[in-house]
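If you want the building blocks of each chain, they are given just below.
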Amino acid sequence: MKKNGKHLFIKDLKKNWVLWLMLMPVTAFFLINNYLPMVGIYFAFTDFNFRDGLFGSPFVGLKNFEFLWKSNILWRLTRNTILYNIVFILLGNVCQAFMAILVSLLSCKRFKKITQTMIFMPYFTSYVILSVVVYNLFNYENGLINGIVTNMGHEPINFYGTPAYWPFLITFFHIWKGLGYGMVVYLATILGISNELHEAAIVDGANILQRIKYIIIPHIKPTFIILLLYAIGGIMRGQFQLFYQIVGNNGLLFETTDIIDTYVYRVSTTSMEFGMGTAAGLYQSVFGLVLVVTVNWLIKRKDDELALF
Amino acid sequence: MKGKKMMQLKKLVTICIAASMLTLSFAGCGGNENEKDSQVSDVESSQEGSTVVDTSTEENGPDLSEQVELVFYLYGDAPADMKKVEDKINEILLEKINATISFRHTTYTDALSKYKMVLSSGEDCDLIYTANWLEYANLAAKQAFYPLDELLDTCMPEVKALFTEEVWNAMRIDGTIYSVPDAGRTTYGGRLHVWREDLRKKYDLPVPDTFENLEAYLEGVKANEPEQTLIARNTSTSTTSTFKTFDGVTLKTFYSPYQKGYYSLDVDYSNPSELFDYWHSDLFKEDMEAMKRWADKGFWSKNILSHKPEGDISNGGEVITNCNYAQYLTFRETVEKEHPDWELAYVVREELTGVATPQHPTTDGTAIAFNSKNPERAAMALQLFMTDAELERLLLYGIEGEHYTVDANGYYVDGPQNANYPYEGSSAWSLKNAEIDLIKESSQEMYDLHAELGEIAKASGYPMVDILSGFREDSSAYSAERAALVSVLVEYLTPLQAGMVEDVDAAIEEFLEAAETAGLSMIQDSYKEQWADYCEQYGY
């Protein structure tokens, strides 16, 4: 089989050389951008200095990883990162699918377009602007929310001093921002459903809810699962911009808002240790890899068709 | 004409070689130097050796025969007319050392990260601005810069002569000079509390020369003008100097005679070898209680940790600030222009505490990047920038008659195009040379103040050195603990300093516990040991 495999490859190369040639740019892209930089992982194991360069610097083993558990917050960072991402992925996809169904069912074309554009807009706002919006809504002295609260005769709420509010706020703004973008994929899937199915269902007397339940949802289920699987690969990667812009260096909120990425940023910008940043990145990657392989294996056991590899 | 220049060049090269041979032989003799030193000079001597071969094989001064392009990295944002000035500079440089230079600025935001990026990525960079607050010592210890000891003798003899051996020693990191300090006027710290004097007079409030008076002043302003923002300070993760994470706390520590040291180990200049453990002291508790009181009184916004209010004292953004004299002058100028009915006044910290120290030479400097392709030419350019009045003034002030003029008394006066290239707008502070540079008439009083502070410094035990800034910590033994501690500071110390905690005692306990877990006492012990060695070595 193996001998045959090699033989087949050369044969295939001869036969489909145009296709292989077309594959070249993509291969080069991934080699240069995704595989070549992997050499930099070695940073995590050295005490880097400029003169000796990457491979000349002394090897220090796992010393660069120590800072991750020194302050006993590795658990909290991992927990926050994963929990946020699980909520982002699940709730995000559900909301996107739901909005896609609603938009697809609108019959007035102009209204449909306008709605879609409006939902898409937040995707283009930068996180810096988002942070200003959040600040103006929630600040203590003259935020909009506290303005309403005090007008109703209550004490103002100290959002920027209470960690408990932030998981909800951050989740809300993240989903709000990505809704329009994520919706597009589902919308495309729904538009791909043959009209005959709907017509047949209407003839059979199905109402709109039944059509959603028996036609649309089964059709978007594979899309949902594939997007979910892709997203799980990045589950250890926090949304740095989102958290850093909204929370910044406000230590009061770290209990619920500090993720691996913001922690690494704080540490690597305040000390000269290149190795530590890389070490944290490596931890994220390895953990993420284990997670993807595990989830994929679980799905494969249940339904071979849906697994990624 | 050309022949003459060649002759001069040849002469220069010969002198260079001779000088380098001389230093070489000295380095060879210096048997009692420590290992690291001799290692460094070994590396240099081998490099120097190859240059010697080069110059001897090519008779007519190979160094300058080829035109090279240099890159000079400066801090901050580039002024609008930078390119124009750069062209002028290049005309002169081409003629003098057959080189052109292009200036790049790091911009103000995230300057330190960009520095590290430039130095580690191998990007073209020959000359670069350094500062102790931009981690000069750490970068140098990690070999980011080119060793200058040889180059000073060979290519920058005039620069070398500008400073005393004491200053050069202060620039040394692990025995090697990596950066050339500025040769401007000596300044002595000079931290100021600047406040709105018109408000103080209007409501008949005390002069904030003690902490109690400051509190009374702020309270008075708050009571009379509740809409006025009192204090707008920043949070930062800065660990380079004082481990402060909320800037507002400086309003309290301003009145303390201690110099803020690393890891809360403060220095009392009357007895520098004894370190004072601030975080474990009653003073810390007292300070944090004061900060809580201030926060509760509403002296700063409850959102201050996430969002610094806009504005500064010159446009009504706050009523008291902590700055140096140059900043005060800028504020005053703005106030005179925009709000003529306002008034600013100040007290000087050194005058209140009776402790003044000169600014450390590493505060401003110029280094040659380790990956520079033409270190010799870069060194020559640096020498020209620091000693040639025409070049120095071009870079610092722009084009005469356009961006500035000089009045009859020799003071700098804004020119018609000043906005496009303001005074020292290129941020090339490290090239200042008191012999040839220009000052504004308005800053004359600042130098007068520094002369006064110099008198205070003389009265103290150590008039010539800033002991704390001269110390370089070697954190390699506890880098993991240090990184963990930094994170603890942002999380626990910031809210304490900003007075955002319910119960100060409990919060201090929690903070110290977390710091202990991160390894505070281990860090402090190691640091104290290093400090003791340092004090012993220099006799403090």
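Structure shown above.
A short tour of the structure in this document, coming up. (Residues numbered from 1 in each chain as written. Chains lettered and ligands numbered in written order. Predicted model: local features only at pLDDT ≥ 70, side-chain atom pairs only at ≥ 80, totals over all residues. Heavy atoms only, no water.)

1. Things to note about the overall build of chain A
Step number 1: When you go through chain A residue by residue, the secondary structure sums to 15 helices and 0 strands.
Step number 2: For chain A, with 309 residues in total, the buried portion stands at 39%.
Step number 3: Partitioning the contacts of chain A with sequence separation of at least 6, the portion at a separation of at least 24 is 65%.
Step number 4: Counting only carbon and sulfur atoms, one obtains 69% of the accessible surface of chain A, whose full area is about 18200 Å². (Helix = DSSP H or I, 4+ residues; strand = E, 2+ residues; numbered from the N terminus. Buried < 20%, exposed > 50% of the residue type's maximum accessible area, 1.4 Å probe, protein only. Contact = heavy atoms within 4.5 Å. Areas by Shrake-Rupley, 256 points an atom, 1.4 Å probe, with all protein chains shown as cover.)

2. With respect to the sheet that holds strand β7 (residues 191-196) of chain B
All names here are of chain B.
Step number 1: The strand order across the open sheet formed by 3 strands is β10-β7-β11, and the pairing between neighbours is antiparallel. Each of the sheet's edge strands pairs with one partner strand only, and the pair in question is β10 (320-324) and β11 (344-348). Strand-to-strand twist of the sheet, defined as the mean angle between neighbouring strand axes without regard to direction, takes the value 30°.
Step number 2: Here 5 bridges tie β7 to β10, and the two strands are oriented antiparallel to one another. Bridge pairing in β10 links valine 194 to threonine 321.
Step number 3: Contacting β7, β10 and β11, helix α14 (residues 325-338) crosses the sheet at an angle of about 125° to β10. (Pairing = 2+ DSSP bridges. Axes fitted to C-alpha atoms, helices over the stretch in contact; angles between N-to-C directions.)

3. So, the nonpolar core
Residues and elements named next belong to chain B.
Step number 1: Ranked by internal contacts, the top residues of the largest apolar core, which has 74 residues, are Ile89, Phe145, Val180 and Phe385.
Step number 2: At 8 residues, the largest contribution of residues to this core is made by helix α16 (residues 375-387).
Step number 3: Residues contacting isoleucine 89, with those up to four places away along its chain left out, are Ile101, Phe103, Phe385, Leu391, Leu394 and Leu395.
Step number 4: Among the nonpolar cores identified, the runner-up in size contains 67 residues, and Leu230, Trp294, Val501 and Ile508 belong to it. (Core = buried A, V, L, I, M, F, W, Y, C linked by side-chain atoms within 4.5 Å.)

4. Points about the side chain of aspartate 261 of chain A
Step number 1: Relative to the assigned elements, aspartate 261 of chain A resides in helix α14 (residues 260-270).
Step number 2: Ignoring any residue separated from it by four or fewer positions in sequence, one finds aspartate 261 of chain A in contact with Met236, Arg237, Gly238, Phe240 and Gln284 of chain A.

5. Quick word on the packing of aromatic side chains
Residues and elements named next belong to chain A.
Step number 1: Counting across every chain of the model gives 58 aromatic pairs over all chains.
Step number 2: Ring centres 5.2 Å apart and planes at 25° place the aromatic pair tyrosine 42 and phenylalanine 55 in the stacked group. One end of the pair, tyrosine 42, is in the loop between α2 (17-35) and α3 (53-56); the other, phenylalanine 55, is in helix α3, with 13 residues separating them in the sequence.
Step number 3: Here the aromatic cluster, defined as three or more aromatic residues joined through ring pairs, consists of Phe138, Phe159, Tyr165, Phe172, Phe173 and Trp176. (Phe/Tyr/Trp six-rings, centres within 6.5 Å; stacked < 30°, edge-to-face > 60°.)

6. Some points on helix α11 (residues 208-232) of chain A
Residue and element names in this part refer to chain A.
Step number 1: The largest bend along α11 measures about 40° and falls at isoleucine 217, with the proline proline 218 one to four residues further on.
Step number 2: Every buried residue belonging to α11 is among Arg211, Ile212, Ile215, Ile216, Ile220, Thr223, Ile225, Leu228, Leu229 and Ile232, and all of these are buried.
Step number 3: Between the side-chain oxygen at the start of α11 and the backbone nitrogen of leucine 209 there is a gap of 3.1 Å, and the oxygen is on asparagine 207. (Bend = angle between axes of the 7 residues up to and from the residue. Polar contact = N/O pair within 3.5 Å; in protein donor to acceptor, adjacent residues only side chain to side chain.)

7. Examining the interface of chain B and chain A
Step number 1: Taken together, the contact between chain B and chain A spans 40 residues of the former and 38 residues of the latter.
Step number 2: Where chain B abuts chain A, roughly 3500 Å² becomes buried across the two surfaces, and 58% of that area is made up of carbon and sulfur atoms.
Step number 3: Between aspartate 47 of chain A and lysine 142 of chain B there is a salt bridge, with the nearest N and O atoms lying 3.6 Å from each other.
Step number 4: Our enumeration of links across chain B and chain A arrives at 6 residue pairs in polar contact (both at pLDDT 80 or more).
Step number 5: Among the elements of the structure, α5 (111-121), α6 (136-141), α20 (479-497) and α21 (504-518) of chain B are those that each provide at least two residues to the side of chain B that touches chain A.
Step number 6: Broken down by element, the side of chain B that touches chain A gets its largest block of residues, 12 residues, from α20 of chain B.
Step number 7: A per-class count over the side of chain B that touches chain A returns 16 nonpolar, 16 polar and 8 charged. (Buried area = accessible area lost by both parts, 1.4 Å probe. Salt bridge = Lys/Arg side-chain N within 4 Å of Asp/Glu carboxyl O. Nonpolar A, V, L, I, M, F, W, Y, C, P; charged D, E, K, R; others polar.)

8. Here we look at a negative patch on the surface
Step number 1: Residues Asp525, Glu529, Asp533 and Glu536 of chain B make up a contiguous surface patch of negative charge.
Step number 2: As for its position among the elements, aspartate 525 of chain B is in helix α22 (residues 520-538). (Patch = residues over 30% accessible without salt bridge, like charges linked within 9 Å, V, L, I, M, F, W, Y side chains within 5 Å. Lys, Arg positive; Asp, Glu negative; His and termini not counted. Charge placed at Lys NZ, Arg CZ, Asp CG, Glu CD.)

9. Some thoughts on the pairing of strand β2 (residues 99-105) of chain B
Residues and elements named next belong to chain B.
Step number 1: Burial analysis of β2 places 6 of its 7 residues in the buried class, which makes it a mostly covered element.
Step number 2: Two elements, strand β1 (residues 68-74) and β2, share 7 bridges in a ladder whose sense is parallel. Opposite valine 68, over in β2, you have alanine 99 as the bridge partner.
Step number 3: Viewed along the sheet, the connection from β1 through helix α4 (residues 82-97) into β2 turns out right-handed. (Right-handed = clockwise from strand over helix to strand, strands pointing away.)

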